[in-house]
Amino acid sequence: MIHWKLAVIMAERNIKNNELACLINMNPIFISKLKVRRRFTRIDESTLNALCKALNCQPGDLLVYEEDKA
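In this text, all values refer to a predicted model and were calculated from it rather than measured experimentally.

**Concerning the overall build of the protein chain**
Then, number 1: Counting secondary structure elements, the protein chain contains five helices and two strands.
Then, number 2: Listing each helix as α and each strand as β along the protein chain from the N terminus yields β-α-α-α-α-α-β.
Then, number 3: Its C-alpha atoms give the protein chain a radius of gyration of 12 Å, near enough to 11 Å, the size a compact globule of 70 residues would have.
Then, number 4: With the principal axes as the frame, the protein chain shows a C-alpha extent of 40 × 20 × 20 Å.

This is the structure:
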């Protein structure tokens, strides 16, 4: 299972939804929806690129793989 860690990265960098939205030129509501995800579904390459640039991180910082528990 792939876990989405945007909320964790944002908290570590002390960045709010509105601030990140301004940095990547997106709606704060979109950032809020991305942030509350715990499991990774889909994300556009350009969005992932913008997030990594704004948060000064690598995609692997936002996505973490954990083996499914049986």
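That shown, we press on.
**Section: unusual backbone geometry**
Then, number 1: Backbone geometry at N25 places phi at a positive 60°, although glycine is not the residue there.
Then, number 2: Along the chain, N25 falls in the loop between α2 (17-24) and α3 (28-36).
Then, number 3: The exposed category is assigned to N25, whose relative accessible area is 72%.
Then, number 4: Even without being a glycine, N56 presents a positive backbone phi close to 50°.
Then, number 5: Turning to its location among the elements, N56 is positioned in the loop between α4 (45-55) and α5 (59-62).
Then, number 6: Since its relative accessible area comes to 67%, N56 is described here as exposed.

**Brief notes about α4**
Then, number 1: Taken together, the buried positions of α4 are occupied by T47, L48, A50, L51, C52 and L55.
Then, number 2: On the buried face of α4, the contacting elements are β1 (2-4), α1 (6-12), α2, α3 and α5.
Then, number 3: A positive backbone phi angle near 50° is found at N56, which sits one or two residues after α4.

**Some points on the packing of α2 against α3**
Then, number 1: Direction vectors running N to C along α2 and α3 enclose 115°, while the axes themselves pass 8 Å from each other. In this view, α2 runs roughly perpendicular relative to α3, as classed from their interaxial angle. The two elements α2 and α3 meet at a crossing, and its hand is right-handed. Judged by residue contacts, N17, N18, L20, A21 and I24 of α2 engage P28, I31, S32 and K35 from α3.

**A word on the side chain of T47**
Then, number 1: Mapped onto the secondary structure, T47 falls in helix α4.
Then, number 2: Under the relative-accessibility criterion, T47 is labelled buried at 6%.
Then, number 3: Among residues more than four places away in sequence, those in contact with T47 are M26, F30 and L34.

Rules of the game
Within every chain, residues take consecutive numbers counted from 1 along the sequence as written. Given that this is a predicted model, residues contribute local features only at a pLDDT of at least 70 and side-chain atom pairs are listed and counted only at 80 or more, while totals for whole chains, interfaces and linings are drawn from all residues. Water and hydrogen atoms play no part in the side-chain values, which are based on all heavy atoms of the structure. Numbering of helices and strands runs from the N terminus; a helix is a DSSP stretch of H or I covering at least four residues, while a strand is a stretch of E covering at least two. Radius of gyration here is computed from C-alpha atoms only, and the compact-globule reference equals 2.2 Å multiplied by the residue count raised to the power 0.38. The cut-offs for exposure are 20% and 50% of the maximum accessible area for each residue type, with area from a 1.4 Å probe on protein chains only; residues under the lower value are buried, those over the upper are exposed, and the others partly exposed. Whether two residues touch is decided by their heavy atoms; if any such pair falls within 4.5 Å, the residues are in contact. Note on method: axes are straight lines fitted to C-alpha atoms, helices fitted across the in-contact stretch only, with angles between N-to-C directions ranging 0 to 180 degrees. When describing relative orientation, an angle under 35 degrees is termed roughly parallel and one over 145 degrees roughly antiparallel, while 65 to 115 degrees is termed roughly perpendicular and anything else oblique. Crossings are sorted by hand: turned counterclockwise from the far helix by less than a right angle, the near helix makes the crossing left-handed, and turned clockwise it makes it right-handed.

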